[in-house]
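Chain residues, written in single-letter form:
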Amino acid sequence: MLGAHAIDVGPVGMLAINIALLSLVGWALLRAERGLPDGREWTLLALLAIFGIFGRVLLEPLPNIQPVTVLVLVVGMQMGAKRAIALATVIALGSNLIMGHGIWTLYQALGWSLVGCLGAYAAPHLTSMPRIAGIAALSGVLFGWVISLSILHTLGPAMLPAYILAGIPYDMLHALGNLFFAAWLASPLAEMMERHQTVHLEATENVPVTA
Amino acid sequence: MSQFYGLAIFTVSLAVLIWFTLSSDNRLKGVSAFLLVMAVISAPTLNQEWARMTSELIDDEGNSHNGLPDIWLGKQVVCVDFPVGAAHSDYADGRHYIDYDGTDFMTETEFNGTGACVGGLSGYEDGFGMLLNATDIAEGDLEVVYSTSQYGVMIETIGGVDPCDYHTCSSTQGAYWSLYHNNAWSMVGIGDLVLVEDSVLEWKIETW
């Protein structure tokens, strides 16, 4: 064998490749969305699910930084809790088929679903970018606490406070990542979703996002 | 820790600068991107500092690391227990825990005695090599004076403490630095001791 693919690019090189791939996926999905007629809500959700799965898998080298939480939050805000829960569950399961599926998938789906519900519930108040960014950052911490509940199956409740305390740096990274994704993605995502909404929200009004 | 505070001040200062430099539409984008890059770069350091700050002592009699910080589980450790009043002045207030990079991150003031443990070590196979490296990490406060003979390496003093300064030494009685390996008295001297990946060495003065 020639070993033509035996190139050691290192962790930074691999991360750069992954970010390039994610940019390519994002660009291709954006082009696909632009080609859709208005009102294709579930098709848009499918494209967002693909972006969420790829985003989580490709950004795995970065600790707890991925676009899924902000995606689910914005879907909750714009399309309602039911669609956010569906998206959260599909992304959790789809990404874990690559990254590893187990009982944690249930808690991840639950955590992201709660973020989506929070987005739907708080939508009337999320009228400016700083508010959305703030709730996105808070969602990172909320998600981390929900995920931490999975240790109840193995270590028991006595270890839960220590486990949550030890995970605070990771929660902070998640919060900062969400701040970044909210600042860059929330407005374009919200505009995209407005264009494709056919049925309006169960509990909240459609709220445009302004910078 | 000072390195951590320096990084925090630098990050906040630059974030404020970016905030006021950019237009109002791009402020959040610019600052969030900068903060994310800084967080990713400094994540290993921050995680390590946080782990040290939140570390707790292991309470498990059956564990060779019992009484040591939980972040050292599975790692190699060297402990020196000094007689009362004989510790180096830096260790006089209890038992100090010093990580592999020389950071003195925890002091157990309720420890019955004084001393220091250097831990978080890995990859050592011979006890003597790990002991000498641990003394280097403690920046000389645990300096070892030893002699060699046909019986192997003999530890004379650790941290300047000679056992005979605290116990009567004569032809019929004496005191020495006694070595324990994973909570058991070592049957061989430090020069012949073969380590495992989570070895805990403990030195304490005993009499004969």
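Residues numbered from 1 in each chain as written. Chains lettered and ligands numbered in written order. Predicted model: local features only at pLDDT ≥ 70, side-chain atom pairs only at ≥ 80, totals over all residues. Heavy atoms only, no water.

Quick word on the overall build of chain B
Here comes step 1: For chain B, the count of helices and strands is 3 helices and 9 strands.
Here comes step 2: For chain B, the N- to C-terminal ordering of α and β elements is α-α-β-β-β-β-α-β-β-β-β-β.
Here comes step 3: Scaling as 2.2 N^0.38, a compact globule of 208 residues should have a C-alpha radius of gyration of about 17 Å, whereas chain B reaches 22 Å, well beyond that.
Here comes step 4: Projected onto its principal axes, the C-alpha positions of chain B cover 85 × 30 × 30 Å. (Helix = DSSP H or I, 4+ residues; strand = E, 2+ residues; numbered from the N terminus. Rg over C-alpha atoms; globule rule 2.2 N^0.38 Å.)

Digging into the overall build of chain A
Here comes step 1: Each helix and strand in chain A was counted, giving 8 helices and 0 strands.
Here comes step 2: Secondary structure elements in chain A, listed N-terminal to C-terminal, are α-α-α-α-α-α-α-α.
Here comes step 3: For the C-alpha atoms alone, the extent of chain A along its principal axes is close to 55 × 50 × 30 Å.
Here comes step 4: A total of 211 residues make up chain A; the buried ones form 49% of that total.
Here comes step 5: Taking contacts inside chain A between residues at least 6 apart in sequence as the whole, the part at least 24 apart equals 75%. (Buried < 20%, exposed > 50% of the residue type's maximum accessible area, 1.4 Å probe, protein only. Contact = heavy atoms within 4.5 Å.)

Regarding the sheet that holds strand β8 (residues 184-185) of chain B
Residue and element names in this part refer to chain B.
Here comes step 1: Strand order across the open sheet formed by 7 strands is β3-β2-β4-β1-β9-β7-β8, with mixed pairing between neighbours. A strand with exactly one partner marks an edge of an open sheet, and here the two such strands are β3 (104-108) and β8.
Here comes step 2: Of the strand pairs in this sheet, strand β7 (residues 175-181) and β8 are connected by 2 bridges, and their pairing is antiparallel. Looking at β8, one finds that Tyr180 is bridged to Trp185.
Here comes step 3: Here helix α3 (residues 127-137) sits on the sheet in contact with β1 (76-82), β2 (95-98), β4 (114-121) and β9 (200-207), set at roughly 70 degrees to β1. (Pairing = 2+ DSSP bridges. Axes fitted to C-alpha atoms, helices over the stretch in contact; angles between N-to-C directions.)

Some thoughts on the interface of chain B and chain A
Here comes step 1: The partner chain A presents 17 residues to the 12 residues of chain B that form the contact.
Here comes step 2: Interface of chain B and chain A: buried area, both sides summed, is about 1400 Å²; carbon and sulfur atoms make up 82% of it.
Here comes step 3: Of all residues in chain B, B:Leu28, B:Leu36 and B:Trp50 bury the most surface against chain A, accounting for 37% of the area lost on that side.
Here comes step 4: Put simply, chain B and chain A have 0 salt bridges between them.
Here comes step 5: Applying the counting rule to chain B against chain A returns 2 residue pairs in polar contact (both at pLDDT 80 or more).
Here comes step 6: When the residues that make up the side of chain B that touches chain A are grouped by side-chain class, the tally is 8 nonpolar, 3 polar and 1 charged. (Buried area = accessible area lost by both parts, 1.4 Å probe. Salt bridge = Lys/Arg side-chain N within 4 Å of Asp/Glu carboxyl O. Polar contact = N/O pair within 3.5 Å; in protein donor to acceptor, adjacent residues only side chain to side chain. Nonpolar A, V, L, I, M, F, W, Y, C, P; charged D, E, K, R; others polar.)

Quick look at the domain arrangement of chain B
Here comes step 1: Examined at the domain level, chain B breaks down into domain 1 (2-53) and domain 2 (70-207).
Here comes step 2: Relative placement of domain 1 of chain B and domain 2 of chain B: their C-alpha centres are 41 Å apart. (Domains from an automatic or database assignment.)

Structural notes on the side chain of A:His196
Here comes step 1: Inspection of the secondary structure assignment puts A:His196 in helix α8 (residues 168-196).
Here comes step 2: Once you skip the residues sitting within four places of it in the chain, A:His196 turns out to touch A:Glu33, A:Leu36, A:Pro37, A:Asp38, A:Gly39, A:Arg40, A:Glu41 and A:Leu44.

With respect to the state of the cysteines
Covalent bonding between the sulfur atoms of two cysteines defines a disulfide.
Residues and elements named next belong to chain B.
Here comes step 1: What the rule picks out here adds up to 2 disulfides over all chains.
Here comes step 2: The side chain of Cys79 participates in a disulfide bridge whose partner is Cys117; the two sulfur atoms lie 2.1 Å from each other. An S-S torsion of about 110 degrees defines the bridge between Cys79 and Cys117 as right-handed. One end of the pair, Cys79, is in strand β1; the other, Cys117, is in strand β4, with 38 residues separating them in the sequence.
Here comes step 3: Residue class for Cys79 comes out buried when judged on its relative accessible area of 2%. (Disulfide = S-S within 2.5 Å.)

Topic: the pairing of β4(B)
Residues and elements named next belong to chain B.
Here comes step 1: Here β4 lies mainly inside the structure; 8 of its 8 residues are buried.
Here comes step 2: Bridge analysis of β1 against β4 gives 6 bridges, and the strand direction is antiparallel. Bridging across to β4, Cys79 finds its partner in Cys117.
Here comes step 3: Of the strand pairs in this sheet, β2 and β4 are connected by 4 bridges, and their pairing is parallel. From the neighbouring strand, Arg95 faces β4, where its bridge partner is Gly115.

Remarks on the packing of aromatic side chains
What describes a pair of aromatic rings is the distance from one ring centre to the other and the angle between the planes of the rings.
All names here are of chain A.
Here comes step 1: Summed over all chains, the structure comprises 7 aromatic pairs over all chains.
Here comes step 2: Ring geometry for Trp112 and Phe143: centres 4.6 Å apart, planes at 20 degrees, overall stacked. Note that Trp112 is positioned in helix α5 (residues 103-122) and Phe143 in helix α6 (residues 129-148), a separation of 31 residues in sequence. Accessibility classification places Trp112 together with Phe143 in one group, the buried group. (Phe/Tyr/Trp six-rings, centres within 6.5 Å; stacked < 30°, edge-to-face > 60°.)

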